[in-house]
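Listed below, chain by chain, are the residues.
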Amino acid sequence: MTAEIRVFPCLSDNFGYLIHDPATKATASIDAPEAGPIISALEREGWTLTDILVTHHHQDHVGGIAELKRKYKCRVVAPYDKTTPIPLADERVKQGDTVKVGNLAARVIETPGHTLDHISYMFDSEHALFCADTLFSIGCGRVFEGTYPMMWESLLKLRALPDATRIYCGHEYTASNVKFALGIEPNNPALKKRAEEVTKLRAANKPTVPTLIGDEKEDNVFLRADVPSVAAAVGLAGKPAADVFGEIRERKNNS
Ligand code: ZN
Ligand code: FE
């Protein structure tokens, strides 16, 4: 039986995610931005929280853990602490580890850069990737703790996943990302198409996730730092992709 995934807003622009295994009734929350909307989503479905899969230590991803753990006695799976500790973790995971949610299995992919501890969870059988603040739709996370080459390597790991992989990212930043990306690639047809789609989704108050790896390869400028026309567009023709990526990220920081 395939997993059921629910998407709902948390805080000002975070996504809340539940993944549920109908066979065993196990349910995981990916991160815990805040307890209230996660509890509401669980109650709407009649599900009980068994696991929280944490991606990184930022408050908008761990703030709801304590309340959820008190209420559901759920297991908290998290990366190893690198800079700031993640509260109430029961299990620590690293690159290549498998996390079970009932019969569902997530593969841990280390994706440092935004923070040093950042990991992503790939449910291969579901073609579903939860990548929080590493890869956004038409964007990527700010590089706070790592380096640009480190973040670029992390993005390459995600870009190498099958094209049909559905991306569930940490924030609803897509509209602003599209605007920025069009500034660099105004004539990218895939990006122009995505821009129209995003305008419609946001006007209908619908989330812009999930998106597909295959599409992001075509329309996400941050995944395209090794495309010659993108390097040229930021004045770095012939330069290493990590440098081009760093330049694009800097421009976004200052946009
Ligand atoms: Zn973050
Ligand atoms: Fe975040």
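Description of the structure in this document.

Parameters at a glance
Residues numbered from 1 in each chain as written. Chains lettered and ligands numbered in written order. Predicted model: local features only at pLDDT ≥ 70, side-chain atom pairs only at ≥ 80, totals over all residues. Heavy atoms only, no water. Donors = N, O, S within 2.8 Å, 3.2 Å for Na, K, Ca; no water. Tetrahedral: all angles 85-135°; square planar, octahedral: opposite > 155°, others 65-115°. Buried < 20%, exposed > 50% of the residue type's maximum accessible area, 1.4 Å probe, protein only. Phe/Tyr/Trp six-rings, centres within 6.5 Å; stacked < 30°, edge-to-face > 60°. Helix = DSSP H or I, 4+ residues; strand = E, 2+ residues; numbered from the N terminus. Lys NZ or Arg CZ within 6 Å of the ring centre and 35° of its normal. Pairing = 2+ DSSP bridges.

### Let's talk about the coordination of the iron ion (ligand 2)
Consideration 1: At 2.1 to 2.3 Å from the iron ion (ligand 2) lie its protein donor atoms, namely Asp60 (OD), His61 (NE2), Asp133 (OD) and His171 (NE2).
Consideration 2: Coordination geometry of the iron ion (ligand 2): the four donor atoms subtend angles of 84 to 168 degrees at the metal centre, consistent with an arrangement described as irregular.
Consideration 3: Each donor residue of the iron ion (ligand 2) lies on the same chain, and together they follow the pattern D-H-x71-D-x37-H.
Consideration 4: In this structure, the iron ion (ligand 2) lies 3.1 Å from the zinc ion (ligand 1), and both are coordinated by Asp133.

### Structural notes on the coordination of the zinc ion (ligand 1)
Reference values for coordination geometry: four tetrahedral donors around a metal ideally subtend 109.5 degrees, six octahedral donors ideally subtend 90 or 180 degrees.
Consideration 1: Within the first shell, the zinc ion (ligand 1) binds the protein through His56 (NE2), His58 (ND1), His114 (NE2) and Asp133 (OD), at distances of 2.2 to 2.3 Å.
Consideration 2: Counting gaps between the donor residues of the zinc ion (ligand 1) yields the pattern H-x1-H-x55-H-x18-D.
Consideration 3: The exposure class of Asp133 is buried, given its relative accessible area of 3%.

### Some words on the packing of aromatic side chains
Consideration 1: Considering all chains together, one arrives at 10 aromatic pairs under this definition.
Consideration 2: With 5.9 Å between their ring centres and 20 degrees between their planes, Phe180 and Phe222 make a pair best called stacked. In this pair, Phe180 sits in helix H5 (residues 174-184) while Phe222 sits in the loop between helix H7 (213-219) and helix H8 (228-233), placing the two residues 42 residues apart along the sequence.
Consideration 3: A relative accessible area of 12% means that Phe180 is categorised as buried.
Consideration 4: Of the residues examined, Phe222 reaches a relative accessible area of 0% and is grouped as buried.
Consideration 5: Among the aromatic residues, those joined into a ring-pair cluster are Phe15, Tyr17, Phe123, Phe130 and Tyr168.
Consideration 6: Its guanidinium or amino end placed over the ring of Tyr72, Lys71 lies 5.6 Å from that ring's centre, counting from NZ or CZ.
Consideration 7: Taking NZ or CZ as reference, Lys252 lies 5.9 Å from the ring centre of Phe180, over its face.

### Considerations on the sheet that holds strand S9 (residues 119-123)
Consideration 1: A sheet is described by the order of its strands in space; here six strands give the open sequence S7-S8-S9-S10-S13-S14, paired in mixed fashion. Each edge of the open sheet carries a strand with a single partner, namely strand S7 (98-101) and strand S14 (211-212).
Consideration 2: Pairing between strand S10 (residues 128-132) and strand S13 (residues 166-169): four bridges, direction parallel. Looking at the pairing, Leu129 lines up with Ile167 of S13.

### Concerning the environment of Ile5
Consideration 1: Of note, Ile5 is situated in strand S1 (residues 4-10).
Consideration 2: Look at Ile5 and you get buried, because its relative accessible area is 16%.
Consideration 3: Residues Ile5 and Tyr168, 163 residues apart in the sequence, show an inter-C-alpha distance of 9.9 Å.

### Some points on the pairing of strand S5 (residues 75-79)
Consideration 1: For S5, a buried count of four out of five residues is recorded, marking the element as mostly surrounded by other parts of the structure.
Consideration 2: With three bridges connecting them, strand S4 (residues 51-53) and S5 associate as parallel partners. Across the sheet, residue Ile52 finds its bridge partner in S5, namely Val76.
Consideration 3: Sheet topology places S5 next to strand S6 (residues 91-93); three bridges connect them, and they run parallel. Pairing of Ala78 across the sheet is with Arg92, part of S6.

Shape descriptors only; they carry no functional weight alone.
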